[in-house]
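Now for the letters of each chain:
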2 protein chains.
Amino acid sequence: MDHPFEFPLELPDRGSRQRLAALHGQLHAAILDGRLKAGLRLPATRALADALGVSRNTVVAAYDLLLSEGYIVARRGAGNFVADVAARRQAAPAPATVARNEHRLAPYWRGAIAMPTPMQRGAFPYDFRLGLPDGRPFPYDVWRRLSARALRHLSKAAPLYGHPQGNPALREAIASHISFARAVACEPDDVVVTNGAQQAFDLLARVLVTPGKTVLAVEDPGYAPLRSVFMASGARIVGVPVDAEGLVVEELPGDAAIVYVTPSHQFPLGVVMSPRRRVALLDFARSRGAVIIEDDYDSEFRYSGRPLDALQTLDRGDAVCYIGTFSKCLFPSLRLGYAVVPPWLCAALASAKYQSDWHGNVMVQDTLAAFIAEGHLARHVRHMRKIYAERRDVLLDALQQHSRGLFRLWSSDAGLHVAASLPASIDAIALVERAADNGIRLDALNLCALDPAAVNGVGFGLGAADVQRIGEGVRRLVELMDR
Amino acid sequence: MDHPFEFPLELPDRGSRQRLAALHGQLHAAILDGRLKAGLRLPATRALADALGVSRNTVVAAYDLLLSEGYIVARRGAGNFVADVAARRQAAPAPATVARNEHRLAPYWRGAIAMPTPMQRGAFPYDFRLGLPDGRPFPYDVWRRLSARALRHLSKAAPLYGHPQGNPALREAIASHISFARAVACEPDDVVVTNGAQQAFDLLARVLVTPGKTVLAVEDPGYAPLRSVFMASGARIVGVPVDAEGLVVEELPGDAAIVYVTPSHQFPLGVVMSPRRRVALLDFARSRGAVIIEDDYDSEFRYSGRPLDALQTLDRGDAVCYIGTFSKCLFPSLRLGYAVVPPWLCAALASAKYQSDWHGNVMVQDTLAAFIAEGHLARHVRHMRKIYAERRDVLLDALQQHSRGLFRLWSSDAGLHVAASLPASIDAIALVERAADNGIRLDALNLCALDPAAVNGVGFGLGAADVQRIGEGVRRLVELMDR
């Protein structure tokens with residue numbers, strides 16, 4: 001047979017990313033317009049891969065994307081089925097309408113743009129999801145009290161618009177917090193408060209990228225949401241490999257105008273950038289006039305030794321934009337982060353923020369300012385560090401005990417997750433899929449790479465994991481690998 | 001004399017906007033780098049205009065911009081002085097550093113970008129500022145209670161990221177609120193929650209503008225922050241005149257791909273778009289494939305008669321993006337607004353939101369959802385409508401009693417401000433400046449126009465005005481016009 005569907009699937013001859021995009025897009029369109037009906041069982045990944053003459057990884061990755069978008073559902077032991085999209089969205093536009101209007105969109109947004117779906121509140125007994133902190137120990141009572149106080153202040157003030165750079169009290173609190181915790185050299189005037197780290201990336205893309213020209217070098221594997229916003233702004237993205245010392249600086253393209261790095265805890269591998277590489281990267285930036293985006297996303301959680309100096313601390317060339325977030329050390333639905341930028345960039349960045357959404361919610365910013373100033377942030381981080389350290393120890397023990405050398409761990413002593421490579425014989429994306437069917441939630445590192453076929457591994461997040469179940473979760477996962 | 005400064009000022013021979021930009025930019029740079037020292041008295045506007053051979057309006061507008069940016073300060077009766085910029089920002093970058101690094105910025109952001117400054121909490125006895133609601137009667141106790149409840153829910157849920165389109169409960173509440181209040185036809189799935197209307201404009205610019213190609217037609221005079229974000233995204237902006245029936249649809253450029261309008265209460269003139277023009281605009285959109293951005297920013301406040309149907313309600317061509325905000329009916333520091341868009345645009349817009357900052361603050365959205373669902377929004381709007389209606393009646397009486405025909409009022413029966421044209425003999429920008437020196441705060445409409453010389457008038461905002469002082473404020477203002 002040509003392939004198991006009753007409509008043509010056309011995939012490019014080469015380029016695994018291109019093939020993945022084409023396969024995903026065509027299945028997605030067929031589900032939306034009803035050629036693939038709700039409830040239909042999709043072919044097994046291996047069968048479809050053979051029929052199409054592509055690697056199984058490609059089919060698995062396409063299914064994974066459709067799963068994450070909610071267009072297909074996995075049923076335990078039975079395979080993947082087309083979801084009931086019509087029920088989910090009665091008013092879904094007829095695809096004809098979408099296609100007819102597509103020319104009205106800017107080029108980047110043409111093609112089947114899927115509605116982004118929120119993280120699902122699935123109840124997985126063994127939850128190793130990446131990127132989530134544990135929100136339960138958060139001192140909500142303190143937050144409620146400070147929040148009520150902020151509202152009282154607001155009710156007495158004139159109802160003005162706020163400061164585009166961020167509330168002065170919050171910038172003050174952030175500057176003193178990171179001066180102390182990370183030796184980042186900054187004044188409140190160097191801080192721009194943003195809606196999470198993601199908005200900091202967005203604003204930087206706006207003010208730094210000349211569409212079609214600016215080259216952004218990223219760690220590969222690396223953080224996909226950063227790539228996505230820079231790609232939309234017209235940057236040319238070049239992946240640079242990562243090894244045990246972090247970004248391989250020697251392989252940076254000479255024309256990179258911006259370099260994005262996560263030196264404290266590389267995302268997703270977890271390695272710490274070595275001092276040697278830090279110096280080399282700063283040299284590169286100085287000699288080429290490049291800007292460095294230093295994403296210090298979960299540097300608060302370090303389990304041994306002294307942290308290395310931030311690139312921002314070492315920078316003598318006004319090159320480093322230091323990005324922090326409260327999504328990991330507090331909670332993500334707060335949507336607060338910040339950028340500390342060199343003086344030449346500050347007015348442009350604040351103006352971009354102003355143009356983008358004027359400023360952040362004043363009451364929430366005031367609440368956080370008081371939370372930091374009164375020492376609650378430092379206390380909460382200390383408390384959580386102990387909790388995560390215990391989970392991490394249990395996890396590392398379990399991996400050693402059960403994995404029989406199948407997991408090669410990336411060395412790391414910080415952060416909210418542990419990364420492990422898998423031998424080529426075990427397909428990480430398929431394993432993740434099988435694990436989900438068995439109550440174990442974890443993420444494949446493959447999708448963090450520019451070429452999903454180039455990386456094969458999984459990440460174990462500590463934020464959502466129940467310490468009592470970590471050992472059993474790992475044991476069951478390894479069991480699945482034998483099947 | 002050539003001109004009163006000891007350094008060359010070079011202005012283009014023609015184009016009042018170009019001259020304004022050049023004059024502002026060069027004065028701005030001279031203040032930043034110290035050629036114009038703190039405390040120096042600037043030449044009177046007329047003297048500088050004569051010396052430079054430009055219109056006085058141009059100089060007044062340049063001074064006004066510098067005033068709003070905080071680079072110069074006005075002292076009562078004594079004129080304009082260079083501000084102490086060094087004191088304001090000790091760590092201000094040496095201009096040499098800024099200039100040396102300027103090539104690292106994307107082209108749009110090069111040149112002397114001024115740090116955006118927040119609205120000043122000036123204490124003006126007579127405050128007619130535009131764009132501010134009165135926050136004092138807001139039911140803060142209700143908000144505090146609902147906010148504590150939202151926090152309790154959050155503390156019990158897993159700490160997930162939220163929904164990119166906005167919390168479902170808030171979209172539900174918004175959809176039912178505007179279906180009822182504005183007969184806007186929409187489902188919760190058509191709503192994208194944004195950080196104020198400004199982020200809705202930003203997201204639309206992202207997904208609709210092809211840089212250098214897309215033509216955006218705007219009302220002229222009109223809302224400058226909308227122009228600014230579309231300009232940064234590379235749109236070509238074309239101004240279209242406004243008359244007593246709103247946007248002059250017949251003068252729309254044939255290649256306009258996007259048309260921005262404020263039909264309920266034109267900003268800043270306040271006129272309501274006539275039914276005839278509404279139909280003509282929808283016809284234009286249908287025949288040209290154009291998108292209409294309908295900004296319904298203060299439609300909640302209508303003082304007589306039935307509101308006209310929104311363009312969104314009349315639209316049969318999937319052309320209208322309806323934008324609403326809670327900055328006027330609640331308070332601006334909340335930063336919440338929304339877009340209701342046709343189905344073909346929804347996934348792209350939500351994806352752009354996701355790329356921009358993932359989603360809004362979950363707790364604040366939940367609080368607002370409950371506030372709307374429990375009827376507090378409708379109640380607050382009814383309450384405020386009475387308050388503003390009284391202020392408006394007092395204002396209109398005072399203008400009639402004192403103005404001796406100098407103010408030509410734009411007819412309007414809605415919104416938070418009243419607009420008035422002035423005869424050419426009275427320069428609105430100079431009047432506003434003189435008024436500020438005399439305790440009266442109001443805004444010139446001139447700066448809302450693409451060519452500040454093309455419009456001459458002022459707006460009287462009702463949000464910050466003390467009803468007891470409106471009459472006296474108008475009397476004093478008219479007195480100043482005689483000098």
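Quantities reported herein were computed from a predicted structural model and do not represent experimental measurements.

**Things to note about the overall build of chain A**
A count of helical and extended segments in chain A gives 16 helices and 16 strands. Taking 483 residues into account, the globule formula puts the C-alpha radius of gyration at 23 Å, and chain A, at 23 Å, falls close to it. C-alpha atoms of chain A, sized along the principal axes, occupy 65 × 55 × 50 Å. When the 483 residues of chain A are sorted by exposure, 60% land in the buried category. Considering only contacts within chain A whose residues lie at least 6 apart along the sequence, 72% involve residues at least 24 apart. Counting every atom, chain A has about 18,300 Å² of accessible surface; 52% of that belongs to carbon and sulfur. Of the side-chain charges in chain A, 54 are positive and 50 negative, and the distance between the mean point of each set is 4 Å.

**Concerning the pattern of salt bridges**
All names here are of chain B. Summed over the entire model, instances satisfying the criterion amount to 36 salt bridges over all chains. For Glu250, the salt bridge identified is with Arg277, shortest N-O distance 3.3 Å. In this pair, Glu250 is assigned in the loop between strand E7 (246–247) and strand E8 (256–261) and Arg277 in helix H10 (residues 275–288), connecting sequence segments 27 residues apart. On the basis of relative accessible area, Glu250 is assigned to the exposed category, the value being 56%.

**Side note on the relation of the copies chain B and chain A**
In screw terms, the move from chain B to chain A is a rotation of 180° and a rise of 0.1 Å along the axis, fitting with an RMSD of 0.2 Å. Seen this way, the second copy is the image of the first under a two-fold rotation axis. Taken as a fraction of all interface residues of chain B, those also at the interface in chain A reach 100%, which identifies the copy contact as same-surface.

**Observations concerning the side chain of Thr58 of chain A**
Inspection of the secondary structure puts Thr58 of chain A in helix H3 (residues 56–69). Sequence-distant contacts of Thr58 of chain A, that is, excluding residues within four places in its chain, are made with Ser16, Arg19, Leu20 and Leu23 of chain A.

**Brief notes about the interface of chain B and chain A**
Size of an interface: often given as the accessible area lost when the parts come together. Of the residues lining the interface, 96 residues belong to chain B; the matching set on chain A comes to 96 residues. Here chain B packs against chain A, burying approximately 7,900 Å² in sum over the two surfaces, 61% of which is carbon and sulfur. If you sort the residues of chain B by the area they bury against chain A, Arg104, Tyr161 and Gln355 of chain B come out on top, with a joint share of 11%. At the surface where chain B touches chain A, the tally comes to 2 salt bridges.

**A look at the packing of helix H8 (residues 196–208) of chain B against helix H9 (residues 224–232) of chain B**
All names here are of chain B. Closest axis-to-axis distance for the H8/H9 pair is 9 Å, and the angle between their directions is 30°. In terms of orientation, H8 lies roughly parallel with respect to H9. Considering the relative orientation of H8 and H9, their crossing is right-handed. Each of Gln198, Phe201, Asp202, Leu204 and Ala205 in H8 lies in contact with H9, whose residues at this interface are Pro225, Leu226, Val229 and Phe230. Residue composition of the contact of H8 with H9, by class: 7 nonpolar, 1 polar and 1 charged.

**Describing the side chain of Ser356 of chain A**
Its place among the elements puts Ser356 of chain A in helix H12 (residues 343–357). Given a relative accessible area of 0%, Ser356 of chain A falls into the buried group. Those residues in contact with Ser356 of chain A that sit more than four places away from it in its chain are Gln199, Leu203 and Arg206 of chain A together with Gln198, Gln199 and Asp202 of chain B.

**Considerations on the environment of Ile178 of chain B**
Residue and element names in this part refer to chain B. Checked against the element boundaries, Ile178 lands in helix H7 (residues 168–182). Owing to a relative accessible area of 2%, Ile178 belongs among the buried residues under this scheme. Counting along the chain gives 146 residues from Ile178 to Gly324, while the straight-line C-alpha distance between them is 9.1 Å. Leave out the neighbours within four places in its chain, and Ile178 touches Ala183, Val184, Cys186, Tyr322, Tyr338 and Val340.

**As for the packing of aromatic side chains**
Residues and elements named next belong to chain A. With the rule as written, the count across this model stands at 36 aromatic pairs over all chains. Judged by centre distance (5.5 Å) and plane angle (80°), the rings of Phe407 and Phe460 are edge-to-face. Of the two residues, Phe407 sits in the loop between helix H14 (376–402) and strand E12 (408–409) while Phe460 sits in strand E16 (residues 457–461), which places them 53 residues apart along the sequence. One exposure class covers both Phe407 and Phe460, and it is buried.

**Overview of the sheet that holds strand E12 (residues 408–409) of chain B**
Residues and elements named next belong to chain B. Sheet architecture is open: 4 strands sit in the order E12-E13-E16-E15, paired in antiparallel fashion. For this open sheet the edge positions go to E12 and strand E15 (443–444), each flanked by a neighbour on one side alone. With 2 bridges connecting them, E15 and strand E16 (residues 457–461) associate as antiparallel partners. The partner of Asp443 across the bridge, within E16, is Gly459.

**Some points on the nonpolar core**
Residues Phe326 of chain A together with Phe326 of chain B are the most contacted members of the largest nonpolar core, which totals 193 residues. Those residues in contact with Phe326 of chain B that sit more than four places away from it in its chain are Ile174, Phe331, Leu334, Leu336, Gly337, Tyr338, Leu368, Ile372 and Leu377 of chain B.

**Side note on the pairing of E16 of chain A**
Residue and element names in this part refer to chain A. Burial within E16 is extensive, with 5 of its 5 residues counted as buried. Alternating positions in E16 separate into two faces, Gly457, Gly459 and Gly461 on one and Val458 and Phe460 on the other, with burial throughout. Bridge count for strand E13 (residues 417–421) against E16 is 5 bridges, and the pairing is antiparallel. In the sheet register, Val418 faces E16, and the bridge partner there is Phe460.

**Observations regarding helix H15 (residues 428–437) of chain A**
Extensive coverage of H15 of chain A is indicated by the burial of 8 of its 10 residues. Where H15 of chain A begins, one side-chain oxygen reaches toward the backbone nitrogen of Ile429 of chain A, 2.9 Å away; that side chain belongs to Asp427 of chain A.

**Examining the pairing of strand E5 (residues 215–220) of chain B**
Residues and elements named next belong to chain B. Counted residue by residue, E5 has 5 buried out of 6 residues, so it is predominantly covered. The sheet contact formed by E5 and strand E6 (residues 236–243) spans 6 bridges and is parallel. The partner of Val215 across the bridge, within E6, is Arg236. Where the polypeptide runs from E5 across H9 and back to E6, its parallel neighbour, the crossover connection is right-handed. Bridging between E5 and E8 involves 4 bridges; their strand directions are parallel. Note that in E8 the partner of Val215 across the bridge is Ala256.

**Topic: the packing of H14 of chain A against helix H16 (residues 470–482) of chain A**
All names here are of chain A. Where H14 contacts H16, the two axes come as close as 9 Å, and the packing angle between them is 30°. Here H16 runs roughly parallel to H14, going by the angle between their axes. The chirality of how H14 crosses H16 is right-handed. Across the interface between the two elements, Arg391, Val394, Leu395, Ala398, Leu399 and His402 of H14 pack against Ile470, Gly471, Val474, Arg475 and Val478 of H16. For the contact of H14 with H16, a count of residues per class yields 7 nonpolar, 2 polar and 2 charged.

**Notes on the environment of Leu445 of chain B**
All names here are of chain B. Assignment of secondary structure puts Leu445 in the loop between E15 and E16. In sequence terms Leu445 and Gly459 are 14 residues apart; their C-alpha atoms lie 6.4 Å from each other. Excluding residues that lie within four positions of it along the chain, Leu445 makes contacts with Leu130, Pro268, Leu269, Ala419, Ala420, Val455, Gly457, Val458 and Gly459.

**Section: the state of the cysteines**
Residue and element names in this part refer to chain B. The full count for this structure, using the stated rule, is 0 disulfides over all chains. With no disulfide partner, Cys329 has as its closest neighbouring cysteine sulfur the one in Cys186, 15 Å distant. On the accessibility criterion, Cys329 (1% relative accessible area) is buried.

Thresholds, definitions, all that
Residues numbered from 1 in each chain as written. Chains lettered and ligands numbered in written order. Predicted model: local features only at pLDDT ≥ 70, side-chain atom pairs only at ≥ 80, totals over all residues. Heavy atoms only, no water. Helix = DSSP H or I, 4+ residues; strand = E, 2+ residues; numbered from the N terminus. Rg over C-alpha atoms; globule rule 2.2 N^0.38 Å. Buried < 20%, exposed > 50% of the residue type's maximum accessible area, 1.4 Å probe, protein only. Contact = heavy atoms within 4.5 Å. Areas by Shrake-Rupley, 256 points an atom, 1.4 Å probe, with all protein chains shown as cover. Lys, Arg positive; Asp, Glu negative; His and termini not counted. Charge placed at Lys NZ, Arg CZ, Asp CG, Glu CD. Salt bridge = Lys/Arg side-chain N within 4 Å of Asp/Glu carboxyl O. Least-squares fit on C-alpha atoms with pLDDT ≥ 70 in both. Buried area = accessible area lost by both parts, 1.4 Å probe. Axes fitted to C-alpha atoms, helices over the stretch in contact; angles between N-to-C directions. Parallel < 35°, antiparallel > 145°, perpendicular 65-115°, else oblique. Left-handed = near helix turned anticlockwise from the far one by under 90°. Nonpolar A, V, L, I, M, F, W, Y, C, P; charged D, E, K, R; others polar. Phe/Tyr/Trp six-rings, centres within 6.5 Å; stacked < 30°, edge-to-face > 60°. Pairing = 2+ DSSP bridges. Core = buried A, V, L, I, M, F, W, Y, C linked by side-chain atoms within 4.5 Å. Polar contact = N/O pair within 3.5 Å; in protein donor to acceptor, adjacent residues only side chain to side chain. Right-handed = clockwise from strand over helix to strand, strands pointing away. Disulfide = S-S within 2.5 Å.

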